[in-house]
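Results of the structural survey
Residue-level listing of the chains:
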Amino acid sequence: MTLTATRNDAAPSGFGIAEPPLKGIRIIAAEQYGAGPFATMYLSDMGAEVIKIEPPATGKGPAGDSSRQSGPYFLGENDSQFFQTFNLGKKSLTLDLRKPEGQAVLHRLVAGADAVLNNLRGDQPAKLGLTHTALAKVKPSIVCAHLSGYGREGERANWPAYDYLMQAEAGFLSLTGEPDGAPTRMGLSIVDYLTGITTAFALTAALLGAARTGRGRDVDVTLYDVAMHQLTYPATWYLNESVETTRRPRSGHPSVVPCETFPTSDGRIFIMCILPKFWEKLCELTGLGELVEDPRFRSNKNRYDNREALIALLDAALSTRSTGEWMARFSGQLPAAPVLGMGAALDNPYFRATGGVQSVDHTARDGLQVLSNPIRLDGRRAEARSGPGLGQHTDEILAGIGYGPDEIARLRAEQTI
């Protein structure tokens, strides 16, 4: 199927939140790569000032967040499209937290901050003084959020962790793909992103508590816990009925039929008849009205038990028209969606018309295209701003917490910043 998009790279009206809800909140983030930066980018989009702590150059490898070196598409030195994806709207401070002077800078920052977030390995926050125990003496109301693979305690605290490993151990691969195929991961780092969003929510909740009581706390969210929690109703079925959900053909629903992909004359379409009224509407719109009263398909259980016969009938009907023709016929009446490639999804006229893409200014790329935050406040999306250059705001931030030019020069000479 071909989708024709009207390209409009200029941001449509509706960007820029008049009074962001987190305006005035300062968050210090010792973060890198995906999950942690994804969390703080949400907070930045909601108006928080996010100060991203990045390691300075020490002669032992590249400085800064490792994602600055993630190719293949770079934006000059120490920047990449990958880095920009997760770090829009933040400030960058280069700081070595392993040094005493680095800890002194951190404490001055915390005195004027509301939260500290890290996505380090579980055994690192205590070593780097990023816990509430370490920082409450500076500011009792400080919230310390820890996003790690397996938590800060227990036998896996010092284990490295990545999204794909979580998908594997949490059973995601066993639920994805065709029944006769190999276990398959989801094509995106979904556990990283879900953990980032969960951490952003948890940190915001803790900030509300601290505002009410004057006491901060540690907040822990792990990739592993989030991955396991996402097993949702299949987990409930297994825990209570010892039923292990398996993969269904065509990405089908484990218990509802028809709810899967179907071939059309030029592609595929996903149809979801979750409710009886949608099953009846599908029959009507495909010219198969007689199937509504067919005893083989009268109830969802009947349709499930006679799936192969039903799918053969639907395949024959749906393959007579293009995906675009079926979508025009189904629109607003039947839950259906075209099965698109990523390019077609991003060029979808509906996506562009709703403000899904924005352009930001970047020194290495005029009109860098980025995705918009999905949250709308008062009908408007947050206005995207480019991610920072490495250490771009170091002098500004240090001056703001009382460091003079000579002190800043000394810290730089000592490679603390």
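Here's what I pulled together on the structure shown here. (Residues numbered from 1 in each chain as written. Predicted model: local features only at pLDDT ≥ 70, side-chain atom pairs only at ≥ 80, totals over all residues. Heavy atoms only, no water.)

This next bit is on the pairing of strand β1 (residues 26-30). For β1, the buried fraction is high: 5 of the 5 residues fall into the buried class. Burial along β1 is two-sided: the face carrying Arg26, Ile28 and Ala30 and the face carrying Ile27 and Ala29 are both buried. The pairing of β1 with strand β2 (residues 49-54) spans 5 bridges and is classified as parallel. Looking across to β2, one finds that Ile28 is bridged to Ile51. The parallel pair β1 and β2, bridged by helix α1 (residues 35-45), forms a crossover whose chirality is right-handed. The pairing of β1 with strand β4 (residues 115-118) spans 4 bridges and is parallel. Counterpart to Ala29 in the pairing with β4 is Leu117. (Buried < 20%, exposed > 50% of the residue type's maximum accessible area, 1.4 Å probe, protein only. Helix = DSSP H or I, 4+ residues; strand = E, 2+ residues; numbered from the N terminus. Pairing = 2+ DSSP bridges. Right-handed = clockwise from strand over helix to strand, strands pointing away.)

What follows is about a nonpolar patch on the surface. On the surface, Tyr233, Trp237 and Val243 cluster together to form a nonpolar patch covering roughly 260 Å² of accessible area. As for its placement among the helices and strands, Trp237 is situated in helix α10 (residues 232-241). (Patch = residues over 30% accessible without salt bridge, like charges linked within 9 Å, V, L, I, M, F, W, Y side chains within 5 Å. Areas by Shrake-Rupley, 256 points an atom, 1.4 Å probe, with all protein chains shown as cover. Salt bridge = Lys/Arg side-chain N within 4 Å of Asp/Glu carboxyl O.)

Spatially, 6 strands are ordered β3-β2-β1-β4-β5-β6 in an open sheet, and the strand pairing comes out parallel. A strand with exactly one partner marks an edge of an open sheet, and here the two such strands are β3 (91-94) and β6 (218-222). Each strand axis lies, on average, 20 degrees off the axis of its neighbour in the sheet, ignoring direction. Packing of helix α3 (residues 100-111) onto the sheet brings it into contact with β1, β2, β3 and β4, and relative to β1 it is tilted by some 150 degrees. Lying over the sheet, helix α8 (residues 190-213) contacts β1, β4, β5 (143-148) and β6, oriented at roughly 165 degrees with respect to β5. (Axes fitted to C-alpha atoms, helices over the stretch in contact; angles between N-to-C directions. Contact = heavy atoms within 4.5 Å.)

Scanning all chains against the criterion turns up 22 salt bridges. Close ionic contact of Arg68 with Glu54 constitutes a salt bridge, the shortest N to O distance being 2.7 Å. Of this pair, Arg68 sits in the loop between β2 and α2 (81-86) while Glu54 sits in strand β2, placing them 14 residues apart in sequence. Per residue, the accessibility class of Arg68 equals that of Glu54, and both read buried. In this structure, Glu169 engages Arg156 in a salt bridge whose closest nitrogen and oxygen atoms are separated by 3.0 Å. One end of the pair, Glu169, is in helix α6 (residues 163-169); the other, Arg156, is in the loop between β5 and α6, with 13 residues separating them in the sequence. Via salt bridges that share partners, Arg26, Glu49, Lys91 and Glu396 belong to a single interconnected network.

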